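Fold and geometry: a report
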Amino acid sequence: MEVGSLPVEVWRLILAYLALPDLGRCSLVCQAWRELILSLDKTRWRQLCLGCPACRHPNWPNRPQLEPASWREALRQHTVASRTWTRHGPSPAPPAASTCSAAGRAAGPGTRAPAREHETLRALSAAGPYDRVVLHPGVYEEQAEVILRVPVEIVGKGKLGEVTLLACMDQQCPTARLCNLVLMPAWFSPVVYKTSSGHVQLDNCNVEGGQLQVRGPGTCQARFCSFRARQPGPLPGRGPQPAGQLRLLRQRRSVRHRGGPAHLRPQLGLQTPGGLGQPPLPPELRTLQEELEQDREAQALARVVLGCLVRRCLFRDGKGGVLVCSHGHARMEGNVFRGLTYAVRCVQNAKIVMLWNEVCGCRASGVFLRLSAAGLIAENNIHSNAEAGLDIRKGANPIVLCNRIHSGLRSGIVVLGNGKGSIRSNQIYGNKEAGIYILYNGNPVVSGNRIFQGQAAGVAVNENGRGLIVENVIWENQWGGVDIRRGGDPVLRNNFICHGYSDGVVVGERGRGLIEGNHIYCNGGCGVWVMSSSLPQLSAGGHDNFNEEGELLAWESDLDSEDERHSAHRPVSVALLEGNYIAHNGAVGLYVKTSEALNVAGNAVHGNKGAGVSVLQSGQLTRLLANCVCGNARAGVAVEMGCQVELRGNGVYDNGGHGVSWRGDGQITENDMVLRNRVQPGRGSGIAVLAQVRGQVQENTLFQSRPGSTKPLLHHDPANSACLLLNNTLRSCSKTSQSDTLWALENPLPRPQRNGQSSAALSGTSAHHATSGSITTRVESGCHNNSSVLCSIL
């Protein structure tokens, strides 16, 4: 019959009477018939799936209220699971009439002997290979360990919960299957089922108050199962029971394997006023498929089924979910871990693959890896845990991709104790402590993540933590976007750190690291806060003498070597802040309060509500080299008393106060100088030398910004005889036209360019250094009352 001979609706009514084998035969007639059979997914296929007594709802036990994408596919998976458990053993020979508990296989293909009722599991001793044991409703309790010596299938009859086994079962055969059972531990052991050499398949089972223990080279497959603590019920007198748990272990021997959220902003850039440019748009968050295409190791892990398989199970209300240890392998897909002490522990060289799981409400960390554990953790929803969502320590090195890690009561991810890991393209938000916390020699690669709306720092690197932190978007965190202190020594490169409620980057006591090429803007506090006794840098060349132009160029050339930049952990003596975009922050752009030497090179600092660069304390020489400091609300560069500062080759202009404000009390040495800059003041003087500053202001060109200005371009305190003014050029603005000075900041252009891109190297001719700005009279005290928000909290 042709499909087109009747309306589709009539065909669907007719086909609704067909059994499963007949539907399969109809789908093989032709393409038109196949499409017609497939169109019955929400009608006949749904009836068949829900009407099968051995099948549960495809989303049971996690989300039974949700319909599957395909009822036909769900039924196919159930059918295949019930037929393939014997693949791990030899093909059985037809046994003689079986005396086992039910349905022994008869000699004829496709036939079975009639089921027999049994009241004890001891009848398993009489079962033949690959027999099916059907247990009728009731409670089966064993006082001794039940040993499975031949492959067998144990199926509970009736609804789930009507057949309960109180036993400890030891599998000593190649394969076994348990279906539609409630498993509880016997009085003498918390283990309900264990195997050390074979494969066991659990379908639609509940494990209450006990453990499933698998030792290598044994494997297991658990599907649509529930693991939980013992629930109150009619079974008396057992006392507190341990939580339902799956333990997967692999012994140290030769092994044969058998088997975003709505919070994301679409646009984090900023339309900056005055034509001063804007940062580029942050990169898009990568999908898992895009990440796998770039990472062959992660791609291999995602494809291969490792060891034990746990799929669409529910773990709740107990101590632990899955423990993988001693070189064990496990794969977890689509599970829910809820209300446990911990969800997954992977230790002692074990390896896991976690895909599409939900981990929430744990009383400790959600996922815990240590002792050289590894694996792939991707596209999971990890949230609302009492400790870290993901805890990596003691040499663990997982690949963490495209997860949502949020709403935790502590940090999102913690890496410590020589832990490593590749943490990429995750959304980490809404945690009460740092989104990513690195300490105690933790050394991960943190790349391409979105870290936002946390109640502390976005990334915190403390207690000798390290790490490569690149190309992340870190925004709207309550404390600093990145906080580095107490020996923290990361590489912070090409990140977007913006819209925070405090400072952008805080380098605190004994903080170290390389801060390079970042976009730091629109933060409520300072853009970069360098605190006392910090050393934020990994200077490759270590050139400390900048008095000669040749040495300055050699130092910049060294910075261009990627190999040198990555050799970050050699002893260094000079801190470096290079090539960053620091703009439109609520206080000072760069706030320096340190006792260490510091080089600030090639940064764009503009549009900040305080001074561009404020040096409050500088126990050793601070050098400002080839920076663009413009359009800040107060001074361009402010240097307080007792500070040793050298300005060379900067562009300081269009600031609200003086271009450069320099105060001294006689402690500034002769090495402090303002050398060969190009200065254009906004409302104050071009250069103001106040009090008893000692040093040199030499070979600078100062331009008057507008005609009729009454402020002197170069102000020198008459009482100061210790500062030398040599060969400075003053150029006034024409009263009839302002166009005469337009070339002053165009030929050459100020460097780095105002769009935030730093210059690759200084010009070969020192006279063309682009420096323009004014020097203010003092550093304002409105920047967190001389203390950052984060510092005052800690």
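You'll find the structure just up there.
Values in this document were obtained by computation on a predicted structure and should not be read as measured data.

As a further point, take the overall build of the protein. For the protein, the count of helices and strands is 10 helices and 65 strands. Counting all 794 residues of the protein, 57% fall into the buried class.

What follows covers the pattern of salt bridges. One pass over the full model with this rule turns up 23 salt bridges. Note that Glu 73 is salt-bridged to Arg 76, the shortest N-O span being 2.6 Å. Taken together, the positions of Glu 73 and Arg 76, both in helix H5 (residues 71-83) and three residues apart, correspond to about one turn of that helix. Note on Arg 76: relative accessible area 42%, which makes it partly exposed. Connected through shared salt-bridge partners, Arg 132, Glu 153, Arg 177, Asp 203 and Arg 223 make up one network.

A separate point is the packing of aromatic side chains. Throughout the structure, instances matching the rule amount to eight aromatic pairs. Considering the side-chain rings of Phe 227 and Phe 315, the 4.5 Å spacing of their centres and the 5° angle between planes classify their relative orientation as stacked. Comparing Phe 227 with Phe 315, the two get one shared label, buried. Here the aromatic rings of Phe 315 and Phe 337 are separated by 4.8 Å at their centres, their planes lie at 10°, and the arrangement is stacked. Here Phe 337 lies in strand E20 (residues 336-338) and Phe 315 lies in strand E17 (residues 314-316), a separation of 22 residues in the sequence. Across the pair, Phe 337 and Phe 315 agree in class, each one buried. A connected cluster of aromatic rings, assembled from ring pairs, spans Phe 227, Phe 315 and Phe 337. When the ring centre of Trp 45 is taken as origin, the NZ or CZ atom of Arg 72, which lies over that ring, is 5.7 Å away. Taking the ring centre of Phe 368 as reference, the NZ or CZ of Arg 345 above it sits at 4.8 Å.

Here the focus is the environment of Ser 197. The topology assignment puts Ser 197 in the loop between strand E9 (191-195) and strand E10 (199-203). A sequence separation of 18 residues divides Ser 197 from Arg 215, and the C-alpha atoms of the two residues are 7.1 Å apart.

Direction vectors running N to C along helix H1 (residues 8-15) and helix H3 (residues 31-38) enclose 70°, while the axes themselves pass 10 Å from each other. One element, H1, and the other, H3, form an angle in the roughly perpendicular class. Where H1 abuts H3, its residues Val 8, Trp 11 and Leu 15 lie against Trp 33, Leu 36 and Ile 37. Of the residues that constitute the contact of H1 with H3, the class distribution is six nonpolar, no polar and no charged.

Of all hydrophobic cores here, the largest spans 100 residues; its most connected members are Met 169 and Leu 369. With three residues, strand E21 (residues 342-346) is the single largest residue contributor to this core. Dropping the residues within four chain positions of it, Leu 369 is found in contact with Cys 346, Ile 352, Ala 374, Ile 377, Leu 390, Asp 391, Ile 392, Arg 393, Ala 396 and Pro 398. Listed in part, the 15 residues of the second largest apolar core include Leu 15, Leu 40, Trp 45 and Leu 75.

Analysis parameters
- Residues numbered from 1 in each chain as written.
- Predicted model: local features only at pLDDT ≥ 70, side-chain atom pairs only at ≥ 80, totals over all residues.
- Heavy atoms only, no water.
- Helix = DSSP H or I, 4+ residues; strand = E, 2+ residues; numbered from the N terminus.
- Buried < 20%, exposed > 50% of the residue type's maximum accessible area, 1.4 Å probe, protein only.
- Salt bridge = Lys/Arg side-chain N within 4 Å of Asp/Glu carboxyl O.
- Phe/Tyr/Trp six-rings, centres within 6.5 Å; stacked < 30°, edge-to-face > 60°.
- Lys NZ or Arg CZ within 6 Å of the ring centre and 35° of its normal.
- Axes fitted to C-alpha atoms, helices over the stretch in contact; angles between N-to-C directions.
- Parallel < 35°, antiparallel > 145°, perpendicular 65-115°, else oblique.
- Contact = heavy atoms within 4.5 Å.
- Nonpolar A, V, L, I, M, F, W, Y, C, P; charged D, E, K, R; others polar.
- Core = buried A, V, L, I, M, F, W, Y, C linked by side-chain atoms within 4.5 Å.

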